[in-house]
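Reading the structure
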Amino acid sequence: MALLWIYPSLLFFLLPSLTPSQALRNYPENEVTLLDSMSALGDLGWEAYPAEGWEEISVMDESNTPMRSYQVCNVMEANQNNWLRTRHIPRDGAQRVYIEIKFTLRDCNSLPGVPGTCKETFNMYYYESNNPNLWFIKESQYVKIDTIAADESFTQTDVGDRVMKLNTEVRDISNLSKKGFYLAFQDVGACIALVSLRVFYKKCPLTVLNLAQFPDTVTGGDSALVEVRGSCVNDSEEFEVPRMFCSADGGWLVPIGRCVCKPGFEEHKDYCQPCRTGSYKASAMDAYCSKCPPHSYSHQEKASECSCDKGYYRADMDPRSMACTRPPSAPENPISTLNETSVTLEWSPPRDTGGRGDVAYNVHCKKCSGEGRECSPCGSGVHFIPRQFGLSLAKVQVTDLLSNTNYTFSIEAVNGVSDLSPNPKQLVVVNITTGQTVSVILKERKSKDSITLAWQGPDRPNGAIVEYEVIYYEKNQRDQNYTVLKTKANVMTVEGLKPGTTYVFRVRARTDGGYGSYGGEIELETSHEDMLAIGDPNQSTILAVSIAGGIVLLIFLVACFVVSGRHCGYIKAKQDPDEEKMQFQHGRVKLPGSRTYIHPHTYEDPNQAVRDFAKEIDASNIRIERVIGAGEFGEVCSGRLKLPSKREIYVAIKSLKAGYSEKQRRDFLSEASIMGQFDHPNIIRLEGVVTRCKPVMIITEYMENGSLDTFLKKHDGQFTVIQLVGMMRGIASGMKYLSDMNYVHRDLAARNILVNSNLVCKVSDFGLSRVLEDDPEAAYTTRGGKIPIRWTAPEAIAYRKFTSASDVWSYGIVMWEVISYGERPYWEMSNQDVIKAIDEGYRLPPPMDCPVVLHQLMLDCWEKSRSDRPKFGHIVNTLDKLIRNPNSLKQLANISVWEDATTPELSVNTVEEWLDAIKLGQYKDNFATAGYVTLDSILYISINELRKMGVTLVGHQKKILSSVQSLQAQGTHVHV
Ligand code: ACK
């Protein structure tokens, strides 16, 4: 009777909480179920004995699915031993299986009148067997798994309150070895409902890790780990044997080794996908496909490398990630310095390195001699220092040349892909002619303060002799004081000498091909008395002057005097107008005989000045080729000039535009009358004028590299400091010549210096109106004049005191422009601020990489008091010393705080904008290829990385690093 109320209560508790569908669905992935009572649709078919013990009942769950369960509740009787045995459960290869039972159990105390034999536990057993059809197993044959107690038992009150008290217990049995096993539940007097039984084992589920696939793996018995070898997924290969361990509880442990995607494929999730077109993967070791580097492409998927665009190549040793490159362009700006039979060749690196950092140079040599100019290789007699081929520096010294021979040097730039290109190598050619010596001095004539010399020209000059240069100095005094004189004749009277003093003379010739070497030294002594001395009989090398010779010479000198006097009136020059005197004297006043510039305004008829100083050229001799710029009065063109019996030369042609006034014509031609008075290698040379037909033209020598400021900006960072000092030296030498002639330029600035193909700088822009009108830099001052403020000395701005000393100030600014490669002096400061800053004592700081000595020289040029500024002669000497002793240029000036404060801050968002801002946009590809795509990424870039990515010019490296530093300092101003 008691059971009647117990049974329904058990089931009542059971139903709301369990549905088979729920239970089935929630099994973990790594569990394989061997038996699930809840999924059985019909009888479970378990054995129960004795018959009045366990009872199978069937109930419906919520969704009307029938559920099987077993109950027993013989609590009123003692000595209960009720067995319930499952069917044979195949183990399916598992060594360890888990048994999960869900059951409810009645609290003995809650059953009124139940004897003390009532239990609240039951026992669970198993029996291993290969036989699936055993009908009987002895109790003693079973192996006990455990005694199961309820965590929760329920009472009569719970029944009333409808509280759920379902217990779940899991036990496991391991080291199974037979085909299967039976489970048994022994009840010894409890009131139990066995709601469900699930038997399962665990496996490690199929998985892919590190591109290796590991199969479903049944766990081992006990706590043993099962080692499993993975197999590489498609399109991957083993990098290191992939292995993992399957743990007893179905988890994968300790992955070892991995697979990697083959070239042309990249890892994506658990598999390898092909590289898309336009990308590639060269090595299995690279994780991902990369975009084809610059100048290369891949037109198909799965590319393991990109092919180079036409004209670009990849050297064997080049990594596949490197941009395809091409051979370099030709070296540029070759300079040759000839010293008798050796020559030093220097050049600038090619403008286009082809995108590589391994540019080297080869020098090929040919010699040409004889009338027919037959050329042949120079042979092994000529030596190259340090070597002829594979030069890493842009310089070579060639020694042991034959004298009086034309040599042609072809300098080619090569890099790692030059040999892959079918095109000829790019080269630049330098022609030189080795020295030709002026032969012995033939005649001399002496007085107490003058000596007349005559000499014979070279036997075989390599062109028409343009002039002779005579150098002389007091014996043993060369280092202190020497003088250079020039003449077109091969006779010269040197005046202003000290009586009874021995002088040393040497003579050399100049042709269009350059200077030859000096002839031997000759010592001559002035006489003690004011008388004509005839040939020193002790001097065997000197032939006695004949009386007739003396007379001829005298006539010649007188004639010269007369010629020069013809266009004088104002002329201070006593010397042969063909002769020019340059003095290299320390602190000595000009010797009588040096020429002085004549202002065209001093002529009543300015056309006469033009006639006196400029040669009229027939327009038919000029061929205009192209327009190269615009001047104040009209176009500037380049073209050729072929004068009768002279070789054709390139010229610049300035023309006066139509519709000019008479004043404009005068002003235009005034430049020619000024320029025509000068003859110096660092002053632009006037070839002549065309005035007899229209348009009126001024013809000057052609300067291939145009104006210095533009030239420097274009070649930012590309010259050695010695080359820069060489340019400054040239300008200073030209200015010394002008100041010696009492000519004040007033508008000395890099824009008014022209540069030829040999990097020779020449002072230009001599128009009378130029400072007033021509120069875009000129601004009106309070006194009404128009002045290029940034270049002009304070006294010239304040009260128009223009002197050679104010030109020296401007020269200092030009030095600054040269070293800073064409930077604008005082950057974007206003003219007013510049004037104020200068007045308060500020001076331009040293540009980047400026040697201390050069900045000091600039500061000297910018002395407030003009008498404290150096003279141009002193500047030339100082620069000469620096060139002779390059070590003195090694100490660099520190960039001052003032410059930091005034250097404009960069406001840039991308690496490309930044490179454009620092005028190094040509390196955009290099940075992108090397992976520097954000501004953040460049902040800690090193010089080595720059070199690796192909930024090889030291100037550019320094510019980048210093800009990076200021970006770091700028911090928040960079909009990253
Ligand atoms: O900077 P550039 O190329 O050099 O542009 C200007 C332009 O003409 C207007 O003055 C160029 N120019 C002037 N004189 C010469 C010359 N003698 N040789 C070459 N270019 C010249 C100047």
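The numbering scheme is per chain: residues are counted from 1 as the chain's sequence reads. Where local features are concerned, this predicted model is filtered to residues with pLDDT of at least 70; where side-chain atom pairs are given and counted, the filter is 80 or more; whole-chain, interface and lining totals use all residues. Only hydrogens and water are set aside when side-chain values are computed; all heavy atoms of the structure are taken into account.

Labelled according to an unreviewed UniProt entry, the chain appears under the name receptor protein-tyrosine kinase, originating from Chanos chanos. Under the Subcellular location (unreviewed entry) heading, UniProt states for the chain: "Cell membrane". UniProt positions are given in the numbering used here, feature names are shortened, and annotations may be inferred rather than shown by experiment.

Here we look at the overall build of the chain
Segments assigned H or I by DSSP are reported as helices when at least four residues long, segments assigned E as strands when at least two residues long, and all are numbered from the N terminus. Secondary structure summary: the chain contains 20 helices and 52 strands in total. When burial is assessed residue by residue, the chain has 49% of its 976 residues classed as buried. The contact criterion used is simple: two residues touch if any of their non-hydrogen atoms lie within 4.5 Å. By sequence separation, contacts in the chain at least 24 residues apart represent 64% of the contacts at least 6 residues apart. Think of it in three bands: residues with accessible area under 20% of the maximum for their type are buried, residues over 50% are exposed, and the middle band is partly exposed, with areas taken using a 1.4 Å probe on protein chains only.

Some words on a nonpolar patch on the surface
A contiguous nonpolar surface patch, about 250 Å² in accessible area, is contributed by Leu225, Leu253 and Val254. Positionally, valine 254 belongs in strand S19 (residues 252-261). According to the relative accessible area criterion, valine 254 is partly exposed, its value standing at 49%. What makes a patch is a set of residues exposed beyond 30% relative accessible area and free of salt bridges, joined within 9 Å when like-charged and within 5 Å when nonpolar (Val, Leu, Ile, Met, Phe, Trp, Tyr). Note that accessible areas follow from Shrake-Rupley with a 1.4 Å probe, and for residues the cover is restricted to the protein chains shown. Should a side-chain nitrogen of Lys or Arg be within 4 Å of a carboxyl oxygen of Asp or Glu, the pair is scored as a salt bridge.

A few points about the site of the ligand
Taken together, 14 residues are adjacent to the ligand, and Ala652, Thr700, Glu701, Met703 and Ser707 come closest. Between the ligand and the protein, one listed contact pairs a nitrogen atom with a side-chain N or O atom of threonine 700 at 3.3 Å. Pairs of N or O atoms within 3.5 Å make up the polar contacts considered here, provided that, within protein, one atom can donate a hydrogen while the other can accept it, and that residues adjacent in sequence are counted only when both atoms are side-chain atoms. A distance of 2.9 Å is found between a nitrogen atom of the ligand and a backbone nitrogen or oxygen belonging to glutamate 701. Here the ligand, which alone exposes 450 Å², has 75% of that area covered by the protein. No other element matches the three residues that strand S44 (residues 622-630) contributes to the shell around the ligand. If even one non-hydrogen atom of a residue comes within 4 Å of a molecule or strand, that residue is called near it.

Quick word on unusual backbone geometry
A negative phi angle characterises most non-glycine residues, just as the trans form characterises most peptide bonds. A cis amide bond links tyrosine 49 with the next residue in sequence, proline 50, at an omega value of -5 degrees. Tracing the backbone through its elements, the reader meets proline 50 in the loop between strand S2 (47-49) and strand S3 (55-60). Following isoleucine 385, the chain continues to proline 386 via a peptide bond in cis, the omega torsion being 5 degrees. Here proline 386 lies in the loop between strand S30 (383-385) and strand S31 (395-399).

Some details on the confidence of the model for the chain
pLDDT is a residue-level measure of predictor confidence that goes from 0 to 100. The predicted model of the chain averages 81 in pLDDT, with 81% of residues at 70 or higher. This stretch, residues 1-25, has a pLDDT under 50; its non-local contacts, to residues over four places away or in other chains, come to 52 contacts. Segment residues 530-594: pLDDT under 50, and 102 contacts once partners within four positions in sequence are set aside and those in other chains are kept.

With respect to the nonpolar core
Here the nonpolar core consists of buried residues drawn from Ala, Val, Leu, Ile, Met, Phe, Trp, Tyr and Cys, with membership extended through side-chain atoms lying within 4.5 Å. Ranked by size, the top nonpolar core spans 73 residues in total, and within it Phe678, Leu708, Ile731, Phe766, Tyr811, Leu854 and Leu879 carry the most contacts. Each residue touching phenylalanine 678, except ones within four places of it in the same chain, is listed here: Tyr597, Ile683, Tyr737, Leu738, Met741, Tyr743 and Phe766. Grouped together as the second largest cluster of nonpolar side chains are 31 residues, Leu35, Trp54, Tyr126 and Ile148 included.

Details of the pattern of salt bridges
The full count for this structure, using the stated rule, is 38 salt bridges. Salt-bridge contacts for lysine 654 lead to glutamate 671; the nearest nitrogen and oxygen are separated by 3.2 Å. Linking lysine 654 in strand S46 (residues 649-655) with glutamate 671 in helix H6 (residues 662-675), this pair joins segments that are 17 residues apart in sequence. The exposure class of lysine 654 is partly exposed, given its relative accessible area of 28%. Residue arginine 869 pairs with glutamate 795 through a salt bridge whose shortest N-O separation is 2.9 Å. Residue arginine 869 is found in the loop between helix H13 (852-861) and helix H14 (872-884), and its partner glutamate 795 is found in helix H10 (residues 794-799); the two are separated by 74 residues along the sequence. By relative accessible area, which is 6% here, glutamate 795 ends up buried. One salt-bridge network, held together by shared partners, links Arg623, Glu625, Arg640 and Glu648.

A short note on the environment of tyrosine 361
Counting through the fold element by element, tyrosine 361 comes out in strand S28 (residues 360-369). A residue is classified by how much of its surface remains accessible, and tyrosine 361, at 4% relative accessible area, is buried. Through-space distance from the C-alpha of tyrosine 361 to that of glycine 390 is 5.3 Å; in sequence the pair is 29 residues apart.

Quick notes on the packing of helix H8 (residues 721-740) against helix H11 (residues 804-819)
Whenever a helix is involved, its axis is fitted only over the stretch in contact; in every case the axis is a line through C-alpha atoms, and angles between N-to-C directions fall within 0 to 180 degrees. Closest axis-to-axis distance for the H8/H11 pair is 10 Å, and the angle between their directions is 165 degrees. In terms of axis orientation, H8 runs roughly antiparallel to H11. The element H8 and its partner H11 pack so that their crossing is right-handed. Between H8 and H11, the contacting residues are Leu724, Met728, Arg729, Ile731, Ala732, Met735 and Ser739 on the first element and Ser804, Asp807, Tyr811, Val814, Met815, Val818 and Ile819 on the second. Considered class by class, the residues forming the contact of H8 with H11 number 10 nonpolar, two polar and two charged. For this classification, under 35 degrees means roughly parallel, over 145 means roughly antiparallel, 65 to 115 means roughly perpendicular, and everything else is oblique. By convention the crossing between two helices is left-handed if the near helix lies anticlockwise of the far one by an angle smaller than a right angle, and right-handed if it lies clockwise. Each residue gets one label: Ala, Val, Leu, Ile, Met, Phe, Trp, Tyr, Cys and Pro are nonpolar, Asp, Glu, Lys and Arg are charged, and the others, such as Gly, are polar.

Focus: the packing of aromatic side chains
For Phe, Tyr and Trp, where Trp contributes only its six-membered ring, two rings pair if their centres lie within 6.5 Å, and the inter-plane angle classes them as stacked under 30 degrees, edge-to-face over 60, or tilted in between. Overall, the coordinates contain 28 aromatic pairs when judged by the stated rule. A centroid spacing of 5.7 Å and a plane angle of 65 degrees characterise the contact between tyrosine 743 and phenylalanine 766, whose relative ring orientation is edge-to-face. Taken together, the residues tyrosine 743 in the loop between H8 and strand S49 (753-755) and phenylalanine 766 in the loop between strand S50 (761-763) and helix H9 (770-774) connect sequence positions 23 residues apart. For the pair tyrosine 743 and phenylalanine 766, one class covers both residues: buried. Grouped by ring-pair contacts, the aromatic residues Trp46, Tyr70, Phe103, Phe122 and Phe185 constitute a single cluster. Between the NZ or CZ atom of arginine 198 and the centre of the ring of tyrosine 27, over which it lies, the distance is 3.7 Å. In this structure, arginine 751 is placed above the aromatic ring of tryptophan 791, and the distance from its NZ or CZ to the ring centre is 4.0 Å. In this scheme, the term charge over a ring applies when either NZ of a lysine or CZ of an arginine sits within 6 Å of the ring centre and within 35 degrees of the ring normal.

Side note on the pairing of strand S37 (residues 481-487)
Of all seven residues in S37, five are buried; the element is thus mostly enclosed. Relative to S37, strand S36 (residues 465-474) runs antiparallel, the two being bridged by five bridges. If you follow tyrosine 472 over to S37, its bridge partner there is threonine 483. Strand pairing is assigned whenever DSSP detects at least two bridges linking the two strands.

Observations regarding helix H12 (residues 831-839)
Residues of H12 that are buried: Val834, Ala837 and Ile838. The arc that holds every buried residue of H12, seen down its axis, measures 95 degrees, which confines them to one face. Exposed and facing more than 90 degrees away from the buried side of H12 are Gln832, Lys836 and Asp839. With its phi angle positive at about 100 degrees, glycine 841 sits one or two positions after the end of H12. The arc under discussion is defined with respect to the helix axis, by the directions toward the C-beta atoms.

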